[in-house]
Protein chains: 2
Amino acid sequence: MIYLDNGATTLYKPDSVIDAVVNAMRTQGNASRGAHGATLSASRTVYDARVKIAKLFNFDTPSNVIFTCNSTEALNIAINGVIKSGDRVVSTDTEHNSVLRPLYHLQKVKNIDLQFVKADNSGLLNISDFEKLIDDKTKVVVVNHISNLTGNVNDIKRISEIVHNKNAILIVDGSQSAGTRNVDVKELGIDIYCFTGHKGLYGPQGTGGLLVKDGIEIDAWKRGGSGVKTYEEEQPHEYPTRLEAGTLNSHGIAGLSAAIDFLNETGVDNIEKKELELTKYFYNEVTKIDGIKVYGDFSWAGVDTPLGHAAIVSLNVKDYDSGEVSDALSNDFGIATRPGAHCAPRLHIALGTKHQGAVRFSFSYFTTYEELDAAINALKEIAS
Amino acid sequence: MIYLDNGATTLYKPDSVIDAVVNAMRTQGNASRGAHGATLSASRTVYDARVKIAKLFNFDTPSNVIFTCNSTEALNIAINGVIKSGDRVVSTDTEHNSVLRPLYHLQKVKNIDLQFVKADNSGLLNISDFEKLIDDKTKVVVVNHISNLTGNVNDIKRISEIVHNKNAILIVDGSQSAGTRNVDVKELGIDIYCFTGHKGLYGPQGTGGLLVKDGIEIDAWKRGGSGVKTYEEEQPHEYPTRLEAGTLNSHGIAGLSAAIDFLNETGVDNIEKKELELTKYFYNEVTKIDGIKVYGDFSWAGVDTPLGHAAIVSLNVKDYDSGEVSDALSNDFGIATRPGAHCAPRLHIALGTKHQGAVRFSFSYFTTYEELDAAINALKEIAS
């Protein structure tokens, strides 16, 4: 199988990641529960992972690295934990349902004033629209770093300046950016950065988290055992315990920790550069094929760009149903892609693909040009 | 190391569980996202696990087997999802903070009328107290199957009859019972059964879930991508999607599925029988040592009992701090136990161990009599 669905989950994990999970399953107890060797080993693994993640994102406070089971949980914690009744909240048309559905729910139950920056038919957001929508009453802005559907990159630094000029809080959905590019949360001015472990970070499923800038208060989400302050009726106040009730997935976190070692050894810059080249090559070849329409902003494909683009190319072939094209790619050519709606309903509407969906090709550092050529040739056959 | 902290997490996982996780990490895509081989493989793994779990607990509806990252999340989902403002709720002194803290929180924010069945100084609950406290106004009863501190087993079948006579809903915390005994949710009359994967089920950390009896409505918890019904603003209504936003931990679930195969091959009856014998032996030996006080109900230790007991023996040595005893066991004898408060604050108060805590010894199917003898001899040395 040629796996081109890395935007859903990276399938090829470094061996060191798998080895770390195996080792953890053989040796680790329950993190932060007691003080014998096995539990201390788990605690150390978790603590080391917090430190490594903080360093990867140039984040100062390892104790504010909160582990969750995926980025959806991280986003639910952030969105529900900072937005209060009646708050004015700004988000965008390019968001995933992991942002949209929590916000729609708060519209119903907390009567929030929810506004969306509109996307154009390339899925692009206009910075001046942020300036118009974010006003003195705005409390929270939620925006993705990279669209999971188009691969477009949002200019978080400029958005952050607008947000902070109005003293609002910026929550960034980093599901597609963590590991695929250098994310410096200080330089970008991110207050809460939500990430998943199993995509660009090359870690196991069941891992993810959020970085909470010092001073940002997020209400507890789950409540339960914490290994500390047993007699307090409230979930303990300090991070990370406030947001981490119950047994942590120290097996998965051990894998995530090894994955970050892999990223550091490989160099995230090198990963980004390679993925950008793969994407440019694929984009330039498929747009030569009659009947193929690519979505998103690829104006950069001919020139360099400071923001770059994720290793995602979503397209359609003529008016063919995207599910049928993806099935043909899988069944006839052994190529794995993802069709249909990509949990990004507002963006599909902006792109005009609500009914057709789109076939998403998404690459990783392990994708080869031979695999891309196979996909390009398959698309030529399907289109002809 | 002699690992006697299986109540926190079982450390020795069957090789087949580890192999299944490795295989999943090498082959599985993102469950329920698309239709190529890797994603279908993940989807099948998850579906098979739902079916196996349903069968293990004699539960009729695999689609109502909901996966979470641990039992704390399952309990938070159940407790927050069924209890409404002003509801009368009955729980017990023997609960873990994963039950107590969510309930205390609802007392504050939903003004629930929260009542507790009292535990005696053996940690026992009196069934007649359930009859007194559960009245026509009671909406929800939350009770553990087995105490994580004493190992006492609650008579869920009788409690269920009382609960259902008053048309209330019974939520059971099965963190210590899943896998350590046959749990037949139909026979026991459980409406919502919450379990963790990494203890008696011998699965990986990062897994767990809840079984929701057909007809019981639980509000959505996390909201986000579901792979279906992208254009609905609400989290899709049907189980399991209603309660499972975001990417599932299909790597961990693959391990959990293999763990259930191990349980079926070994026989949960055999596991329970072996653990009961280990526990009886340990109890009888340590109670011969001067200065050792064991907590919980061991009246069964001389005779058979229909309810049995979990493989948990919590004790103190004279008036020694439990942390110091546990440290001595670990440092001087290489024996892993858990001291202190066990996230069960009301029960420690009932037992009179709020300040001393207790040293918990907890066994698994893989514990040997040689390991127990080493622990018994170590306790003799410490006590003398």
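**Some thoughts on the overall build of chain A**
Here's step 1: Within chain A, the regular secondary structure consists of twelve helices and twelve strands.
Here's step 2: Against the 2.2 N^0.38 benchmark of 21 Å for 384 residues, chain A shows a C-alpha radius of gyration of 21 Å, consistent with a compact globule.
Here's step 3: Judged by the C-alpha coordinates and their principal axes, chain A covers about 70 × 50 × 35 Å.
Here's step 4: Taking the contacts inside chain A whose residues are at least 6 apart along the sequence as the reference set, 72% of them involve residues at least 24 apart.

**Re helix α1 (residues 15-27) of chain A**
Here's step 1: Across its 13 residues, α1(A) extends 18 Å between first and last C-alpha, which sits within 8% of the 18 Å expected from 1.5 Å per residue.
Here's step 2: Considering only its buried residues, α1(A) is in contact with α2 (37-56) and α8 (250-266) of chain A together with α1 (15-27) of chain B.

**Some points on the sheet that holds strand β7 (residues 192-196) of chain B**
Residue and element names in this part refer to chain B.
Here's step 1: Taken in spatial order, the seven strands make up an open sheet running β2-β8-β7-β6-β5-β3-β4, and their pairing is mixed. Each edge of the open sheet is held by one strand with a lone partner, namely β2 (65-68) and β4 (113-117). Sheet twist, expressed as the mean angle between neighbouring strand axes with direction ignored, is 20°.

**Side note on the packing of helix α9 (residues 268-286) of chain A against helix α12 (residues 369-383) of chain A**
The packing of two helices is summarised by the inter-axis angle and the distance between the axes.
Residue and element names in this part refer to chain A.
Here's step 1: In the contact formed by α9 and α12, the axes pass within 10 Å of each other and the chain directions differ by 20°. Classified by the interaxial angle, the pair formed by α9 and α12 is roughly parallel. For α9 against α12, the interelement crossing comes out right-handed. For the pair formed by α9 and α12, the contact residues are L278, Y281, F282, E285 and V286 on the first element and Y369, L372, I376 and L379 on the second.

**Digging into the interface of chain A and chain B**
Where interface size is given, it is often the accessible area lost as the parts come together that is meant.
Here's step 1: Contact residues are listed per partner, giving 63 residues for chain A and 63 residues for chain B.
Here's step 2: Looking at the side of chain A that touches chain B, the elements with two or more residues in it are α1, α2, α3 (71-82), α4 (97-109), α8 and α10 (322-333) of chain A.
Here's step 3: Per-element accounting of the side of chain A that touches chain B gives the leading share, six residues, to α4(A).
Here's step 4: Each residue belonging to the side of chain A that touches chain B can be placed in one class, and the counts come to 22 nonpolar, 31 polar and ten charged.

**Topic: the sheet that holds strand β10 (residues 312-317) of chain A**
All names here are of chain A.
Here's step 1: With antiparallel pairing, three strands are arranged side by side in an open sheet as β9-β10-β12. Only two strands of the sheet have a single neighbouring strand rather than two, namely β9 (292-295) and β12 (359-362). The sheet shows a mean angle of 35° between the axes of neighbouring strands, taken without regard to direction.
Here's step 2: In the sheet, β9 pairs with β10 via four bridges, with the strands oriented antiparallel. In the sheet register, Y295 faces β10, and the bridge partner there is S314.
Here's step 3: Each of β9, β10 and β12 is contacted by α12, which is oriented at about 15° to β10, the strand it contacts most.

**Quick word on the packing of α3(A) against α4(A)**
All names here are of chain A.
Here's step 1: Closest axis-to-axis distance for the α3/α4 pair is 9 Å, and the angle between their directions is 35°. Remark: the crossing between α3 and α4 carries right-handed chirality. Packed against α3, whose contacting residues are S71, T72, L75, N76, I79 and N80, the element α4 presents S98, V99, P102 and L103 at the interface.
Here's step 2: Class assignment of the residues belonging to the contact of α3 with α4 gives a composition of five nonpolar, five polar and no charged.

**So, the nonpolar core**
Here's step 1: Among the nonpolar cores identified, the biggest contains 232 residues, and A:A78 and B:A78 are the most heavily contacted of them.
Here's step 2: In contact with A:A78, not counting residues within four places along its chain, are A:I171, A:I192, A:C194, A:L210 and A:I218.

**Structural notes on the pairing of strand β5 (residues 138-144) of chain A**
Here's step 1: Counting buried positions over the seven residues of β5(A) gives six, a clear majority of the element.
Here's step 2: In this view, the connection linking β5(A) to its parallel neighbour strand β6 (residues 169-173) of chain A by way of helix α6 (residues 156-165) of chain A has right-handed handedness.

**Examining the relation of the copies chain A and chain B**
Here's step 1: In screw terms, the move from chain A to chain B is a rotation of 180° and a rise of 0.0 Å along the axis, fitting with an RMSD of 0.0 Å. The superposition of one copy onto the other is thereby described by a two-fold rotation axis.
Here's step 2: Most of the interface of chain A is mirrored in chain B, where 100% of its interface residues are also at the interface.

**Let's talk about the environment of B:E324**
Residues and elements named next belong to chain B.
Here's step 1: Inspection of the secondary structure assignment puts E324 in helix α10 (residues 322-333).
Here's step 2: Accessibility expressed as a C-beta count within 10 Å gives 13 for E324, which makes it partly exposed.
Here's step 3: Between the alpha carbons of E324 and G340 there is a distance of 9.5 Å; along the sequence they are 16 residues apart.

**Side note on the environment of B:R50**
All names here are of chain B.
Here's step 1: Relative to the elements of secondary structure, R50 occurs in helix α2 (residues 37-56).
Here's step 2: According to the C-beta neighbour criterion, R50 is buried, with 23 such atoms within 10 Å.
Here's step 3: In this structure, the C-alpha to C-alpha distance between R50 and F67, residues 17 residues apart in sequence, is 8.5 Å.
Here's step 4: Not counting residues within four places of it along the chain, the set of residues in contact with R50 comprises P62 and V65.

**Some words on the confidence of the model for chain A**
Here's step 1: Taken residue by residue, chain A gives an average pLDDT of 96. The fraction at 70 or more is 99%.
Here's step 2: Interface confidence in the predicted complex, given as ipTM, is 0.97; pTM for the same model is 0.97.

**Quick notes on helix α12 (residues 369-383) of chain B**
All names here are of chain B.
Here's step 1: End to end, α12 covers 21 Å across 15 residues, agreeing with the expected 21 Å (1.5 Å per residue, within 8%).
Here's step 2: Among all positions of α12, only L372, A375, L379 and I382 are buried. Taken end-on, α12 shows its buried residues confined to a sector of 85°, consistent with a single buried face. Away from its buried face, by an angle of more than 90 degrees, α12 presents the exposed residues Y369, E370 and E381.

What counts, and where the lines are drawn
Residues numbered from 1 in each chain as written. Chains lettered and ligands numbered in written order. Predicted model: local features only at pLDDT ≥ 70, side-chain atom pairs only at ≥ 80, totals over all residues. Helix = DSSP H or I, 4+ residues; strand = E, 2+ residues; numbered from the N terminus. Rg over C-alpha atoms; globule rule 2.2 N^0.38 Å. Contact = placed C-beta atoms within 7 Å. Expected span 1.5 Å × (residues − 1). Pairing = 2+ DSSP bridges. Axes fitted to C-alpha atoms, helices over the stretch in contact; angles between N-to-C directions. Parallel < 35°, antiparallel > 145°, perpendicular 65-115°, else oblique. Left-handed = near helix turned anticlockwise from the far one by under 90°. Nonpolar A, V, L, I, M, F, W, Y, C, P; charged D, E, K, R; others polar. Core = buried A, V, L, I, M, F, W, Y, C linked by C-beta atoms within 7 Å. Buried ≥ 20, exposed ≤ 12 C-beta atoms within 10 Å, placed from the backbone. Right-handed = clockwise from strand over helix to strand, strands pointing away. Least-squares fit on C-alpha atoms with pLDDT ≥ 70 in both. pLDDT = per-residue confidence, 0-100. Arc of directions from axis to C-beta.

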